[in-house]
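Chain by chain, the residues:
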Amino acid sequence: MTMTDTLAESSPAENPLAAGLERTPVAPTTLVIFGASGDLARRKLLPAVYNLAHEGALPERFNVIGMSRRELSDEEFRAQVGRAVEEHSRRPPDPHVLRLLLERASYVPGAFDDPDAFGRLAETLAARDEEAGTAFNPVFYLSTAPSFFEPIVEALGAHGLDRRPDADVRVVIEKPFGRDLASARALNAAVLRVFEERQVYRIDHYLGKETVQNMMVLRFANGIFEPLWNRQFIDHVQITAAEDIGIGTRAGYYDSAGALRDIVQSHLLQLLSILCMEPPVSLTAGPVRDEKAKVLRSMVPMLPEEVPGRAVRARYGPGFSEGLPAAGYLEEEGVPEDSRTETFVAARLDVQNWRWSGVPFYLRAGKRLTRQATEIAVTLKPVPHLAFQEGDASGVRPNQLILSVQPNEGVSLSLVTKIPGAKSRVRPVNMEFLYGTSFLSQSPEAYERLILDTMRGDPTLFARNDEVEAAWAVVDPILSSWGGDGGPIPTYPAGTAGPREADALLEPGVGWRPL
Ligand code: BG6
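Residues numbered from 1 in each chain as written. Predicted model: local features only at pLDDT ≥ 70, side-chain atom pairs only at ≥ 80, totals over all residues. Heavy atoms only, no water.

### Considerations on the sheet that holds strand β7 (residues 234-242)
Then step 1. Taken together, nine strands build an open sheet; the order of strands is β16-β15-β14-β13-β7-β12-β11-β8-β17 and the sheet is mixed. For this open sheet the edge positions go to β16 (426-434) and β17 (491-493), each flanked by a neighbour on one side alone. Taking each pair of neighbouring strands and ignoring which way they run, the sheet shows an average axis angle of 20°.
Then step 2. Of the strand pairs in this sheet, β7 and strand β13 (residues 373-380) are connected by eight bridges, and their pairing is antiparallel. Among the inter-strand pairings, A242 is bridged to a residue of β13, identified as A373.
Then step 3. Relative to the sheet, helix α9 (residues 259-276) contacts β7, β11 (344-350), β12 (360-366), β13 and β14 (400-406), its axis offset from that of β12 by approximately 140°. (Pairing = 2+ DSSP bridges. Helix = DSSP H or I, 4+ residues; strand = E, 2+ residues; numbered from the N terminus. Axes fitted to C-alpha atoms, helices over the stretch in contact; angles between N-to-C directions. Contact = heavy atoms within 4.5 Å.)

Given below as structure tokens:
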């Protein structure tokens, strides 16, 4: 392959799906994936890299190096990458693009606590630079078990891979970033002993989702919402991340995490912070993250005695999924019999600042629920007076703005409308925007956008150290309370909407949005 036959030029010329990603030039990059033979790399990262290549969005000069414990040759690794792309890419791979990408892939075997392995990695990086006659920007992507984050960062520092005079070095750290506030602080300190904050990209893939980025556009590019976006007009907010799937083969990780750490501390608090933030002076990394961090810091942590009335946990028992019998959590392979891990969490949180004081934020996340649905529902206050004649107002409901993250990406606003006919009956109807209909294109996967941003050096859609710590501070009291005796853990049948106990968190007259 000549250097002119580059990945950036390899995408099919008339690609109708290429509209989603910009093609700004990106500096030469070598992406190093630690944990390259793991599940996340196989299902998400490698297919995302392929799709960037397909779009022509990768840098013209690009290498991907996999590193993990398994002994693999370059050839074997390339075959593994090819299979991952074929099985998990959102579009069928173009053989030419895939071949060019695989030519750029190589592998370094080694345990993450083996200094020799990092020596070999340093040599491989230097060899790539020498072949191309250019200094590639290294992006180190830590897609490993969290226990390896610190050793890898230290080893990168010890081998002088943390900084280069002629290139930008960045490190991407997967979630979970810590398992409570104390460990997150310790991890931040360890990472920042080696790297500067501007080099660190703490990934939360929800921030790469189109609909999540669109929350900022919706709020800050439309005049209609801002005057209503406060405690005077908003009654309450519900943020839901419901999954119909169970824990699959991830018992090892999941049982040590649970729904609160896995989804609420990261994804849901990120959604909440974007929903609630003040308008930033610009939509760039510093101002956006400053405003998000301020929201998280406004969430006064619960007192231990408040936890039982404000947070509910549960786990799925046997039930159904897609019409077939599904095992309960305790029967899933790899889950200890005496596990006390929750697969469902619901909580009422408050943002105590001028804009939001008194508005309840109800968060809910769980596995093996009725269906997959991630959405934010903003319910406005009822109108102050119903001037309708008796009975005619029975269909009046407060307006709701629904930001639907998945599976049907879009925005809908409910409006009460007259039902046609001689009678004056009314009911809510929806005004809807659906991505699929308006743009006729498939949204890029979150990881595509985020991997591209690491290569462009734009950390806007990544969590800063203070945000991560502030989010842990919110969930810490709940973790501590549940970590103690915490009482019995309610069960909900797999395939249902979760435990009834979650209803008790809501203000009178409010119900959870049906799943
Ligand atoms: C991950 C969690 O961060 O997000 C998983 O670890 C969860 O448990 C997943 O299934 C959900 O992501 P998405 O993009 O499918 O909503």
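### Description of the side chain of D262
Then step 1. Inspection of the secondary structure puts D262 in helix α9.
Then step 2. The class of D262 is buried, set by a relative accessible area of 3%.
Then step 3. Looking at D262, its side chain comes within polar contact range of the side chain of Y253, at 2.5 Å.
Then step 4. For D262, the contacting residues outside a window of four places in its chain are K175, R250, Y253, Y254, H267 and K367. (Buried < 20%, exposed > 50% of the residue type's maximum accessible area, 1.4 Å probe, protein only. Polar contact = N/O pair within 3.5 Å; in protein donor to acceptor, adjacent residues only side chain to side chain.)

### Regarding the packing of α9 against helix α10 (residues 285-297)
If you want to describe how two helices pack, look at the angle between their axes and the distance between the axes.
Then step 1. Relative orientation of the contacting elements α9 and α10 amounts to 110°, with a least axis distance of 8 Å. One way to sum up the angle between α9 and α10 is to call them roughly perpendicular. On α10, the residues touching L269, Q270, L272, S273, I274 and C276 of α9 are K292, V295 and L296.
Then step 2. Of the residues belonging to the contact of α9 with α10, the class tally is six nonpolar, two polar and one charged. (Parallel < 35°, antiparallel > 145°, perpendicular 65-115°, else oblique. Nonpolar A, V, L, I, M, F, W, Y, C, P; charged D, E, K, R; others polar.)

### Examining the pairing of strand β2 (residues 62-68)
In summary, the side chains of a regular strand alternate between the two faces of the sheet.
Then step 1. Counting buried positions along β2 yields seven of seven residues, so the element is predominantly enclosed.
Then step 2. The side-chain alternation of β2 yields two buried faces, one formed by F62, V64, G66 and S68 and the other by N63, I65 and M67.
Then step 3. Judged from the six bridges that link them, strand β1 (residues 29-34) and β2 form a sheet pairing that is parallel. Within β2, the residue paired with I33 across the bridge is G66.

### What to know about the layout of surface pockets
Then step 1. Put simply, the second largest pocket is a space of about 360 Å³.
Then step 2. Lining the second largest pocket are 17 residues, and of these H236, T379, R397, P398 and Q400 sit closest to its centre.
Then step 3. Listed by contribution, the elements that provide at least two residues to the lining of the second largest pocket are β7 and β13.
Then step 4. Of all the elements, β7 adds the most residues to the lining of the second largest pocket, at three residues.
Then step 5. Per-class residue counts for the lining of the second largest pocket are seven nonpolar, seven polar and three charged. (1 Å grid on protein atoms, 1.4 Å probe; cavity = no way out; pocket = protein on both sides within 12 Å on 5 of 7 lines; lining within 4 Å. Points joined across faces, edges and corners; volume = space filled by probe spheres on them.)

### Some details on the packing of aromatic side chains
Then step 1. Inspection of every chain in the model, using the stated rule, returns 16 aromatic pairs.
Then step 2. Ring geometry for F112 against F148: centres 5.2 Å apart, planes inclined by 70°, an arrangement best described as edge-to-face. Pair noted here: F112 is in the loop between β3 (105-109) and α4 (115-132) and F148 is in the loop between β4 (137-142) and α5 (149-158), with a separation of 36 residues, a long-range link.
Then step 3. For F112, a relative accessible area of 6% gives the class buried.
Then step 4. Where Y435 meets F439, the ring centres are 5.8 Å apart and the plane angle is 50°; that geometry is what we call tilted. Note that Y435 and F439 are positioned in helix α12 (residues 435-439) at a spacing of four residues, about one turn of the helix.
Then step 5. By relative accessible area, which is 8% here, Y435 ends up buried.
Then step 6. Sitting over the ring of Y206, K209 keeps its end group 4.7 Å from the ring centre. (Phe/Tyr/Trp six-rings, centres within 6.5 Å; stacked < 30°, edge-to-face > 60°. Lys NZ or Arg CZ within 6 Å of the ring centre and 35° of its normal.)

### Observations concerning the site of the ligand
Then step 1. Around the ligand, the structure places K175, H205, Y206, K209, E243, R250, D262, H267, K367 and Q406.
Then step 2. A distance of 2.8 Å is found between an oxygen atom of the ligand and a side-chain nitrogen or oxygen belonging to K175.
Then step 3. At a separation of 2.8 Å, an oxygen atom of the ligand approaches a polar side-chain atom of R250.
Then step 4. The protein chains hide 79% of the 400 Å² of surface that the ligand would expose on its own. (Near = heavy atom within 4 Å. Areas by Shrake-Rupley, 256 points an atom, 1.4 Å probe, with all protein chains shown as cover.)

### A look at the side chain of S339
Then step 1. Counting through the fold element by element, S339 comes out in the loop between β10 (324-326) and β11.
Then step 2. What makes S339 buried here is its relative accessible area of 6%.
Then step 3. A distance of 2.6 Å separates polar atoms of two side chains, one belonging to S339 and the other to D255.
Then step 4. There is a polar contact of 3.1 Å between the side chain of S339 and the backbone nitrogen of T341.
Then step 5. Among all residues touching S339, those that are not within four sequence positions of it are D255, R315, Y329 and L330.

### Focus on the nonpolar core
What tends to happen in soluble globular proteins is that the nonpolar side chains get buried as a cluster.
Then step 1. Formed by 145 residues in total, the largest nonpolar core has its most connected members in F34, L121, F140, L275, F361 and I451.
Then step 2. For this core, the element with the most residues is α9, which contributes 11 residues. (Core = buried A, V, L, I, M, F, W, Y, C linked by side-chain atoms within 4.5 Å.)

### Regarding α5
Then step 1. For α5, the complete set of buried residues consists of F149, I152, V153, A155 and L156. Each buried residue of α5 sits inside an arc of 165° when the element is viewed along its axis, so together they form one side.
Then step 2. Of the surrounding secondary structure, the elements contacted by the buried residues of α5 are β1, α4, β4, β5 (170-173) and α6 (181-194).
Then step 3. The positive-phi residue at the C-terminal boundary of α5 is G160, with phi of around 70°. (Arc of directions from axis to C-beta.)

Read these as spatial facts, not as claims about activity.
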